[in-house]
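# Descriptive structure summary
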Amino acid sequence: MVVSAALPSCKKYLDYQSPAKLNTDQAFEDPSYTNSVIIGIYTKLCGSNAYGNQLSVYWHLGTDEFTYQASTSFDSGNDYAIPNYGAEKTNTSLQNVFNQLYAGVERANIACKFIPASNVYKNGSTTDKTKMQIYYGEALALRAQYYYELIRNWGDVPATFVPAADLPSQFLKNANRDSTLDHIIADLKTAEDLVPWRDALPDYGDFRFTKGAIKGLRARIALARGGYSLRNDTKLMERRADYLKYYQIAYDETLDVINSKKHGLNPVYENIFKTLHSGTGRMDDAHELMFEVAMWGQINDSNLASANGMTFSNSPSWGGAGGRSTAQPTYYYEFDNSGKDVRRDVTLAQYKVQNSTDNTSNVKNPVSSINFNVGKFRKSWTAFNGTVTGTYGVNWPILRYADILLMYAEAANELGKAGSISPMQALQMVQQRAYGANTIPVTPTDHDGFFNAVVHERLLEFGGEGIRKYDLIRWNLLGTKIEETKAKMRMFATNADPTNNPYANLPAYVWSYTSPFNNLDSNTEAATMSFYGGGPSIVFFTKGTTTQPPGTARVYWRQECGSWTNGVLSETYISDPNKGFCSKFKPNAKELLPYPQNVLTENRGSVVQNFAYN
Amino acid sequence: MKRVLLQAFLLLLCTSVWAQTRVVMGKVTGTNQEALIGASLLVKGTSKGTATDVSGNYKLTVPASGQVVLVVKYIGYQTKEVTVGAQQMQVNVALQEDKATQLSEVAVVNIGYSSVSRNSLAGAVSSISQKDLKDFPVSTVAEALAGKLAGVQAQTSEGAPGADIKITIRGGGSLTQDNSPLYIVDGVPLDNALSIISPSEIQNIDVLKDVASTAIYGARGANGVVIITTKAGKKGRTIISFDGYAGARKITNEIKVLDPYQFVDYQYELTHQHYNGGPITDTPTLNGFIRNYGNFSDLQIYKSFPTVDWQNKVFGRNAFNNTQVLTVNGGTDASTYNFSINNTDEQGVMLASDLKRTFATFRWDNNISSKLRFGVNVRYSRQRVDGAGTSSTGGSSNNKLKYSVRFQPYQGLVNFQEYDPDAIFDNTINLSNPLTSALTDVRNAYSNNLITSGQVTYIPTPKLTIRSVLGYTLADNKTNSFSGVANYSVSSKNSSSQYASQPFISISLGNNTNITNSNTVDYRTNIGTNHTIDILLGQEINQNNGNSFNQTIKYFPSAVTAQQAFANVQQANPPSGAIQPSPTTDVTGDRLFSFFGRAMYSFKNKYNFNFLIRRDGSSKFSDANRWGTFPSAQFAWRITEEDFMKKLNLNWLSNLKLRASYGTAGNNRVSSDRLYQTIFTTSATDAGYAASDNSQTSGLYSANLANPNLKWETTISKDLGLDIELWGGRATLSFDGYINRVNDLLLQTNVPQETGYLTQYQNIGATQNKGLEIQLSGTIINKKDFNWNSSFNLSFNRNTIVALQGGVQSYLVSSGWGQSSEDFLVQVGQPVGLFYGYVSDGFYTLNDFDRAKSDPANYKWVLKPGVANSSVIDGSSNVYPGQMKLKKTTATADSVIRTTDRTVLGSAQPKFYGGWNNQFSYKNFDMSLFVNFSYGNKEYNANTVEYSSVYQANGNNVLAKFADRWRSIGPNGELMTNWDQIAAMNVNAKTYSPTRGPYQTTSDAIEDGSFLRITNLTLGYTLPARVLQATNLVSRLRVYVTVNNLYTFTKYTGYDPEASTRRSNPLTPAVDYSAYPRSRYILAGVNLSF
């Protein structure tokens, strides 16, 4: 046959490629296409199965700040199962998040392979080379973010750093999380040298990784690597002996960021969160927000402020929105009791916004003590009015400068070191911003006292921002704090023994009036809630009447946590085996989630289930 | 035609002159004394001859003296020799039809790039000719093909105008890819051939079934090849013929539902009994009921409400149809032409659904010289299909048949579509008013196709034929669709964020071109008298290019009509903060480069050996795997040619032929995107990020996990056939047995999720089809005035999955119509299309409960030990009397039905299928009757699952059988709590109460899909020639009446047992969900020739 003779001529004919698609040569030899590839990696941070909903609304709940109450017939497949530590491997959210995070890893792996191998990266013009270096750095940082999220939820997840098409076998085994974390900590070191500070990348804002954010992420991951995590071999929460090495990394990185002065604290705490809603433009000139996941309306969006956040119900201006996660009733009282700390009323939405009886204006009605939603997300801060339902493109904060300061304070305290500022100064900077003109509390100076102050400060500073659960795990305090919170709630219940009971003077009910909601600053709106017997600063802290004054609505307070009769507590909120607070938590077992059923199936045995779920 | 050409050729070549001549005149007539046009007359022993004109008359110059013998020939008639006396001037000849040639149908079979006589055919080829199609006034070839050929399964998936007809040859080997055959029209491949060729244009259809035959077409022939030859012009006077028919369609059955009182009575039960069995006390629900239907004491009034039969209102019309075909045919010695124009205007039975289609085709064949021929084929088709239909590939909320079945069976005052955020009760109905929906949801699908081809044939010597065929096809498609506020997806509470309760449209444009060029050299020679050799070498390219544009535009003013919306898209205004979706475009393309060769050797026309090889290169595979080589061989042995057979002197056995073949072929039917490489595509949804906070940037991402090892899927086929011809061809029988095995299946398989993808295209697994085909045809009665020809075919096919990916033994697949869990099982060793679900076991009666432990007063029901707990059906942990009951199929301690109790409920594969065609003629009357049948296949009646359930929505009607359901509401509207009263009330209960939980697949819904369909009955009358002669214009006039889809004998309870609406995935066949109902079509027509 003539086949062999004609072969070379038809090779070109058969090399057809659709102009609608790009191959790797095209995508990585042109910086603007490479930029598009990087954009495609960021995508996987958004949407319902990542920081748009599951990771921002549910997964981090179940601590001493926020939770999401389960129902009496506990369903391990429901969204509430994960915050209550009762998810089983068949829970579809586990599957969806797992898939999405690995899709992010794969996209980053492709970029990390092809960018440094490209001609333009090696031999391009200076401008092009610089761009390609930044993109490479971003890809490394994004991959680190995805792996960090996977590891802190599942532990020894399979790890690959090459594109899936290059894998000799697709059936990866569990990889030791310490080495995976070491890998990404090293990657982040590479990345931070490639990506410049935010002021050199003005169009990045804090929607893409800049040097400060990469350093902050590296510090955060280093603290996790140097912290506790649940081990499958010993079935215990353990930290590695060389943990101080990682505290040193965190110390170095945070100190770099502090010394750079490229980021600072936003003087107005509330404006950090308003900025995320972008309804009124950005209000963060200090660049406290160092990296946030930029959501986009109805395509790659978040449920923040729409399903999760302050509740709006039939409001003439904003319709219905909000709900989901609720604070432990005790969280409110963790803040300064005299109301000096502005963070309380930003973090905790103590009322819901409704329609006035004459259907003309927005009013607020206080909610009961267990129904405070996350106040950091409010539809009234978006540009969306009442007729629009759905999602609003509210961003999720991954890293803020306050975290840099507190990580620095923690690491420096652990190492007994101080750089350009002292650990005490770092902590107090965060406190002082919250207290404004008020005097901040006295800070302990001993190692343990200072550590506990950091633990407490992080509780107050980052409420509802998806940080607490993973802090508690790396400190091995998750079980402790859950038990502590339960104990506090038992004291919070009515008729509890008043001895050494911080809640002894609190009311069983408060009696509220409807008051106007004017979308003013959070502290003003909270302070203008109307009650029988005075403002919230009075009625939330003093025993009032138990009979309903005319014209008021009953707002359950201590009564919501239960009631003691003859030494027996009747309640469902605290310790019901299904509906109770963190009802399915077991220390040294539930700190990690189960691998989804489909992952076990499709991996044909190469991925081993976390021990608590076997 | 071949014979005509040959005669023409002879006439041209051989001319000799007589010195003295006289003229003989006369007329040649056929069976019914009709004039035979173009009959040839030859003076025996000479080359002198002529042909009859349009009136059948001839004039022939013969030697002046002596007798001559005229040899009169006409296709389909026995050749007659007539002696012309010395003085005779007028000789009329009446020819007798030759049954033998008629029965053997196609003497010449197209085997790809060339033809052979049926005698020497070695492959499994089924053919159908224009004669078989002429009595079927159907608008597409696909409809005409159904049931006609053994091994060829043509399934009409829905009754909508222009609906898909799925053709499968010998089962189909691919699991997830397209199994449709390759269509070659006059030498050019054409994807949608069956829907854009008018049946009246067809000369022949040859279906190559064994892979050894299809292998000549290589890559795309693995699922069989359908070769369509259209009518060419005929030399002679221009003949104009006109065929026209018109008629009406009407649906044949309805799904019976509850009448107004029964409906309201059922709604009452629904709103007063909680799905856990207890009473509903929730005030909005109870008040909602009163607001919509009234108080319990007033419900009797519904007995006097006139029932509105929505199905009748939406599908009940007489759908008028008419088709006209005009053909002009003629030619000279040098060139022939055929022009045909076909116009169809077809209403669907559903309101506002119709189809308008015009085909125009021109074929011109030209002899430039005796060695050079040139031909051109131009075809244009323009089609418009209106109507959104009933089915959609989406889930249950996108499918629309339920509107007509489930909407309240009376005209009510309450408008259920109104969006009211405070009235949860109202907007959970999930339905649109069927009439409003049918009339306001618009879909117009336009398609324009231009198909052109040209061919040049050069015959330097009679032994050598060099041919080049160039084809160019262009398809333009446009679909406009409009969803108004009546559409549930627009106005429902759940979708309000997406559409803000405002109408939206979508426009999708597609444009595809195909260029094909094949060049062949064919050398035929005889060596001595015993050896015949035919060698064909060829090369071919095939390239496809497609581009598409899609745009959805939302937020039109509520009152806009479809026409206004399409005419003025600028009027769409997004509410503040909302954005319009971006348009999307795509370009796809693939290339195929092939070489092929075929050597045929025949010894004494007794032993025929064929060897084929094809080498295909495809742009879909990487350099290393691009080329596939596929060799095949065939052998045919004409036993009757053997001397020992001849000695037996079996006069009744005219021909006995044994065929055997072994073939291989490749298949590359996967996406044309370079699946072997990492390829980036742009997407706003899958790769977008709001990097600037004020807008979103669309990024690039790799949508598929590249597989550099992707290669050709290979089909290996073995075929053994026997052809028997009896009594000089009065009866023919054909048997074929085959085993087709597909290896290295191109399958989209699940991969570990850490790859970042969920699936990847891989070459994995294998399937096998084993089968037997029988084809019989013959003349049963052959009298002067009465003829009965009959043909019958029967096919058995056994499909088996031989292997799946990486040792996986089985997995579950969901057809996705709305059921809660997977409904198909894919298992090694089993066929494709196993229905999977729970086994139903009637319903719970009081006998199932332990009276001592139960407490009806507190709605507490305790099952007797060992009675299966089917709570999975209603999604509640309690079971109570009247609920559907399931059978426990696995042993567990607690007899609770779990997902593990699901089992195989039947197979969609028929045990056998076939067709039986009868053609009768009595004097000038003709009649034909065609039935086709399928036996042993199961059909998933998913409609009944939905219509037996209340899932997620109140206010929906249910099947009429629920009038006899188990009842829980007492005479005063109270939930009954007394054991004995409940028992008394339900003595006559025949069925469960409609289910409350998610839709579950149960054995109740898997029905026997066997059927025997009277597909076509035609009665025709041809006016006698002598009557027509008077007109001196019309040469043939036939009038007829036809009923298509006359009656279907089946146990299936849905609209039609052939329905298949989840057809995008080959793994989920035979699901009847929301299919457009099929109709009976009665029509009358006329065939007219001038």
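Residues numbered from 1 in each chain as written. Chains lettered and ligands numbered in written order. Predicted model: local features only at pLDDT ≥ 70, side-chain atom pairs only at ≥ 80, totals over all residues. Heavy atoms only, no water.

A separate point is the overall build of chain A. For chain A, the helix and strand inventory stands at 20 helices and 19 strands. Rg of the C-alpha trace for chain A: 26 Å, near the compact-globule value of 25 Å for 614 residues, within the 12% margin. Seen along its three principal axes, the alpha-carbon backbone of chain A occupies a region of about 100 × 55 × 55 Å. Look at the contacts in chain A between residues 6 or more apart in sequence, and 71% of them connect residues 24 or more apart. Summed over its atoms, the accessible surface of chain A is roughly 21100 Å², and 50% of this surface lies on carbon and sulfur atoms. (Helix = DSSP H or I, 4+ residues; strand = E, 2+ residues; numbered from the N terminus. Rg over C-alpha atoms; globule rule 2.2 N^0.38 Å. Contact = heavy atoms within 4.5 Å. Areas by Shrake-Rupley, 256 points an atom, 1.4 Å probe, with all protein chains shown as cover.)

Residue and element names in this part refer to chain B. The strand order β3-β2-β5-β6 describes an open sheet built from four strands, whose pairing is antiparallel. Among the strands making up the open sheet, the edge pair consists of β3 (49–51) and β6 (80–84). Across the sheet, the mean angle separating the axes of adjacent strands is 20° when strand polarity is ignored. When strand β2 (residues 40–43) meets strand β5 (residues 68–73), the two strands line up antiparallel, connected through four bridges. Looking at the pairing, L42 lines up with V71 of β5. (Pairing = 2+ DSSP bridges. Axes fitted to C-alpha atoms, helices over the stretch in contact; angles between N-to-C directions.)

Most often, soluble globular proteins keep nonpolar side chains buried together rather than apart. One finds A:W59, A:W154, A:F540 and B:Y689 to be the most contacted residues of the largest nonpolar core, which totals 195 residues. Ranked by residues supplied to this core, first place goes to helix α7 (residues 126–154) of chain A with 15 residues. The residues touching A:W154, leaving out its near neighbours within four places in the chain, are A:W59, A:L94, A:V97, A:F98, A:L101, A:L592, A:L593, A:P594, A:Y595, A:P596 and A:N610. By size, the runner-up hydrophobic cluster in this structure holds 54 residues, among which are B:Y293, B:L846, B:F849 and B:M884. (Core = buried A, V, L, I, M, F, W, Y, C linked by side-chain atoms within 4.5 Å. Buried < 20%, exposed > 50% of the residue type's maximum accessible area, 1.4 Å probe, protein only.)

Reading across the sheet, the four strands line up as β1(A)-β30(B)-β32(B)-β31(B) and stay open at both edges, with antiparallel pairing between neighbours. The outermost strands of the open sheet, each flanked by one partner alone, are β1 (22–23) of chain A together with β31 (688–689) of chain B. Two strands pair when backbone bridges link them, and β1(A) and strand β30 (residues 679–683) of chain B are joined in this way by two bridges, in the antiparallel orientation. Pairing of A:N23 across the sheet is with B:I679, part of β30(B). Of the strands in this sheet, β1 of chain A together with β30, β31 and β32 (697–702) of chain B touch helix α3 (residues 31–43) of chain A, which is tilted by about 85° from β32(B).

Side chains three or four residues apart in an α-helix point the same way, a direct result of the helix having 3.6 residues per turn. Residue and element names in this part refer to chain A. For helix α10 (residues 243–260), spanning 18 residues, the distance from its first C-alpha to its last is 26 Å, which sits close to the expected 26 Å at 1.5 Å a residue. The set of residues buried in α10 consists of Y243, Y246, Y247, I249, A250, Y251, E253, T254, L255, V257, I258 and S260. In this fold, the buried residues of α10 make contact with α8 (177–194), α9 (211–225), β5 (289–293), α13 (401–415) and α16 (468–474). One or two positions beyond α10, positive phi appears at K261, with a value near 60°. (Expected span 1.5 Å × (residues − 1).)

Residue and element names in this part refer to chain B. Taken as a whole, chain B shows an average pLDDT of 84; of its residues, 92% reach a score of 70 or greater. Predicted confidence for residues 100–106 stays below pLDDT 50, and this span has 16 contacts to residues more than four positions away or in other chains. Note that pLDDT drops below 50 for residues 414–427; the model gives that stretch 33 contacts with residues more than four away or on any other chain. Among the scores for the predicted complex, ipTM is 0.92 and pTM is 0.82. (pLDDT = per-residue confidence, 0-100.)

With that out of the way, let us pick up the pattern of salt bridges. Residue and element names in this part refer to chain A. Counting across every chain of the model gives 76 salt bridges over all chains. In this structure, the salt-bridge partner of E238 is R240, at a minimum N-O distance of 3.5 Å. Residue E461 pairs with R400 through a salt bridge whose shortest N-O separation is 2.8 Å. In this pair, E461 sits in helix α15 (residues 447–461) while R400 sits in strand β13 (residues 396–400), placing the two residues 61 residues apart along the sequence. For R400, a relative accessible area of 1% translates into the label buried. Because the salt bridges share partners, they merge into one network encompassing E288, D341, R343, K376, R400, R433, E457, E461 and E465. (Salt bridge = Lys/Arg side-chain N within 4 Å of Asp/Glu carboxyl O.)

Further remarks concern the packing of aromatic side chains. Residue and element names in this part refer to chain A. Per the stated rule, a full pass over the model turns up 79 aromatic pairs over all chains. Feature note: the residues Y332, Y333, F372, F492, Y503, F531, F540, F541 and W557 constitute an aromatic cluster, connected by ring pairs. In this arrangement the basic side chain of R208 is found over the ring face of Y204, its NZ or CZ atom lying 4.2 Å from the centre. A cation sits over an aromatic face here: K584 above F74, 4.8 Å from the ring centre. (Phe/Tyr/Trp six-rings, centres within 6.5 Å; stacked < 30°, edge-to-face > 60°. Lys NZ or Arg CZ within 6 Å of the ring centre and 35° of its normal.)

Another aspect to go through is the environment of A:D206. All names here are of chain A. Structurally, the position occupied by D206 is in the loop between α8 and α9. The spatial distance from the C-alpha of D206 to the C-alpha of F291 is 4.6 Å, given a sequence separation of 85 residues. What D206 contacts, discounting residues up to four positions off in sequence, is R282, L289, M290, F291 and E292.

Residue and element names in this part refer to chain A. With 15 residues, α13 extends 21 Å between its outermost C-alpha atoms, agreeing within 8% with the 21 Å of an ideal straight helix rising 1.5 Å per residue. Most of α13 sits inside the fold, with 14 of its 15 residues counted as buried. Phi turns positive, to about 65°, at G416, one or two residues after α13.

Below, the discussion takes up the state of the cysteines. Residues and elements named next belong to chain A. One pass over the structure, following the stated rule, counts zero disulfides over all chains. With no disulfide of its own, C561 lies closest to C582 among cysteine sulfurs, the gap being 13 Å. Of the residues examined, C561 reaches a relative accessible area of 0% and is grouped as buried. Residue class for C582 comes out buried when judged on its relative accessible area of 1%. (Disulfide = S-S within 2.5 Å.)

Moving on, we get to the interface of chain A and chain B. On the chain B side, the residues contacting the 74 residues of chain A number 72 residues. Surface buried jointly by chain A and chain B totals about 5700 Å² across both partners, of which 59% is contributed by carbon and sulfur atoms. At the surface where chain A touches chain B, the tally comes to three salt bridges. With a closest N to O distance of 3.1 Å, B:R626 and A:D15 form a salt bridge. Where chain A touches chain B, the interface holds 23 residue pairs in polar contact (both at pLDDT 80 or more). Where the side of chain A that touches chain B is concerned, the elements lending two or more residues are α1 (3–14), β1, α2 (24–28), α3, α5 (92–117), β5 and α20 (597–602) of chain A. Per-element accounting of the side of chain A that touches chain B gives the leading share, eight residues, to α5(A). Its residues assigned to classes, the side of chain A that touches chain B shows 41 nonpolar, 21 polar and 12 charged. (Buried area = accessible area lost by both parts, 1.4 Å probe. Polar contact = N/O pair within 3.5 Å; in protein donor to acceptor, adjacent residues only side chain to side chain. Nonpolar A, V, L, I, M, F, W, Y, C, P; charged D, E, K, R; others polar.)

For the rest of this paragraph, the subject is unusual backbone geometry. Positive phi, normally seen in glycine, also occurs at A:N314, with a value near 55°. When you line up the elements, A:N314 lands in strand β6 (residues 309–315). Judged by relative accessible area, which is 47%, A:N314 ranks as partly exposed. A positive phi is found at B:Y859, a non-glycine position, where the angle reads about 55°.

Let us look at the environment of A:T524. Looking at the element boundaries, A:T524 is found in helix α18 (residues 522–527). C-alpha separation for the pair A:T524 and A:D345, spaced 179 residues apart in sequence, amounts to 8.7 Å.

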